[in-house]
Amino acid sequence: MAPPRFLVPVLISGMILTGACNSLWSKFQDMQCVENCDDPDPKRHVLYEQPVWQTLQMFLGEMLCFLPILYQYVAKRLRTAAVQLPEEGSDGTLGEEDEALTESQKLPPQRLEGWRVLLLWLPALCDLTGTTLMNVGLLYTPVSIYQMTRGALVLFVGVLSVLFLHRRLHLYQWLSLLTVMAGVSLVGFSGSLIKDTLHQAAPSLMAILGTPESTDGPPANEPIETPEATKVLIGVFFILFAQIFTATQFVVEEKILGRYTIPPLLAVGYEGLFGTISVLVMLPLLPLIKLPADSPAAPWFDLVRGWHQLVDTPSVRYSGIVIAISIALFNFFGLSVTKYVSATARSLTDTCRTLAIWVVSLLLGWELLMWPISVLQVAGFGLLVYGTFLFNNLVQPPRFLRPSETASTAALAEGDAEGAPLLSGEALDETARLPADLGTSGYDVVPQEAQRTTRSASRH
């Protein structure tokens, strides 16, 4: 059934808005003064640097995905549906169509339930590590470079898919991974050119909501010390290193969904639950890590201090709530775009999200258009987008790089699921499992046919 005309633009707009909010509000938190805000010297101000607490608020947002599942459960229990018996033939037996249906359903897909749900703890741990590292990287990089660098995920996913999922990539897909690598290098190089910029203080949430704004914090448009080139490169390294864990999460999810079935939103909620439990277990252990007081990483593990910063600073507290809600809505809109439009539209929408983040950060004064930094960012982002689209067959490769039709036909005839290009063809239109969409965790819709093919291949 085709969706109403007004629904598609609403879903796409919602995905762009909530996806941009995830990164922008996280950067907003990092820019908030939480201690020594009355000191006239901006260098003495202490900003909010708590990547572990930010990871926890992400998992709490994923847990909100339980709400629509709970609503459906309650509605189903309250609704009295009529019981329909199967039609019988004249001799009291099932008709031929029903017999054929029964034969095809002798081996139904195994649902992920009971103790098997604990399997989702593995990708949750990968998500916990990757997200925390990315939150650290965001402390040292502009939000646009942060978002663009995350596009390197497709590079690690491609390599791990070959090593552990036994995928066979065509020559043009390997070249697309090199293109992504070149794009990431340009984005990182542009960050290394950052010297002195005008860091406009972020407007507090009180001002955005129209309430009286506190005088704490640095005055707007005041030149303060910004991360040096070395710090930006360190932030880029943290973000790239995080993509290894996110790509591992992708591979583990592929393995799990190849054998079991579970509603996507329910899987996102479980992953948020397990991630939240893991963070809570880590809370009393992290303070045992002793670091010098002047170490830049010291505030990351001072969770008691971070808790007081979170609850005592209204802008940090309210932005955390906004981030949690936006993450839940981003998962909902993303899955809805895949269901009612296509995964291709979701990937294109994700590209628009990155552009929206850059434009908003420019409008807020968080970043400036500078030569040649901005030009290098645009060039690097273009290579990232083209490489990702080429890898996922969203654009046609050059004619001399296209695989021969004979080889492609033979692979399809043999039903070689492992040899098929990753996320290509019909499966791409029915699944949201695009590497460019990862980073916010969660499971995506996988067609039943693809699941049966994967299980059949694994048995052989």
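Undergrad: For this particular structure, what's the right way to read helix H7 (residues 153–164)?
TA: For an α-helix, the turn length of 3.6 residues means that residues three or four places apart are oriented alike. A rise of 1.5 Å per residue sets the reference length of H7, with its 12 residues, at 16 Å; its end C-alpha atoms lie 16 Å apart and thus fit the reference within 8%. Buried within H7 we find Leu153, Val154, Leu155, Val157, Gly158, Leu160 and Ser161. Here the buried face of H7 lies against helix H8 (171–192), helix H10 (229–257) and helix H16 (373–391). A positive backbone phi angle near 55° is found at His166, which sits one or two residues after H7.

Undergrad: Is there a simple way to explain the packing of helix H5 (residues 121–140) against H10 in this structure?
TA: When two helices pack together, their arrangement is captured by the angle between the axes and the distance separating the axes. Where H5 meets H10, the closest approach of the two axes is 8 Å, and the angle between their N-to-C directions is 165°. Comparing their axes, H10 and H5 come out roughly antiparallel. Crossing of H5 over H10 shows left-handed handedness. Of the residues in the contact of H5 with H10, the class split is 15 nonpolar, eight polar and three charged.

Undergrad: Teacher, can you tell me more about the packing of helix H2 (residues 51–63) against H5 here?
TA: At a closest axis distance of 9 Å, the pairing of H2 and H5 adopts a crossing angle of 130°. The orientation of H2 relative to H5 falls into the category oblique. Crossing hand, H2 versus H5: right-handed. Contacts between H2 and H5 involve Pro51, Val52, Gln54, Thr55, Met58, Phe59 and Glu62 on the former and, on the latter, Ala124, Asp127, Leu128, Thr131, Thr132, Asn135 and Val136.

Undergrad: Help me out: how do you make sense of the environment of Val162 in this one?
TA: Along the chain, Val162 turns up in helix H7. Residue Val162 is classed as partly exposed on the basis of its relative accessible area, which comes to 23%. Beyond its immediate sequence surroundings of up to four residues, Val162 is in contact with Arg167, Leu169 and Trp174.

Undergrad: What am I meant to see in the side chain of Thr131 here?
TA: When you line up the elements, Thr131 lands in helix H5. Judged by its relative accessible area of 7%, Thr131 falls in the buried class.

Undergrad: What am I meant to see in the pattern of salt bridges here?
TA: Once the charged atoms of two side chains with opposite charge are near each other, the side chains can pair. Using the criterion set out here, one finds three salt bridges in the structure. With its nearest N and O atoms 3.0 Å apart, the salt bridge here joins Arg167 to Glu254. Taken together, the residues Arg167 in the loop between H7 and H8 and Glu254 in helix H10 connect sequence positions 87 residues apart.

Rules used in this analysis
Residues numbered from 1 in each chain as written. Predicted model: local features only at pLDDT ≥ 70, side-chain atom pairs only at ≥ 80, totals over all residues. Heavy atoms only, no water. Helix = DSSP H or I, 4+ residues; strand = E, 2+ residues; numbered from the N terminus. Expected span 1.5 Å × (residues − 1). Buried < 20%, exposed > 50% of the residue type's maximum accessible area, 1.4 Å probe, protein only. Contact = heavy atoms within 4.5 Å. Axes fitted to C-alpha atoms, helices over the stretch in contact; angles between N-to-C directions. Parallel < 35°, antiparallel > 145°, perpendicular 65-115°, else oblique. Left-handed = near helix turned anticlockwise from the far one by under 90°. Nonpolar A, V, L, I, M, F, W, Y, C, P; charged D, E, K, R; others polar. Salt bridge = Lys/Arg side-chain N within 4 Å of Asp/Glu carboxyl O.

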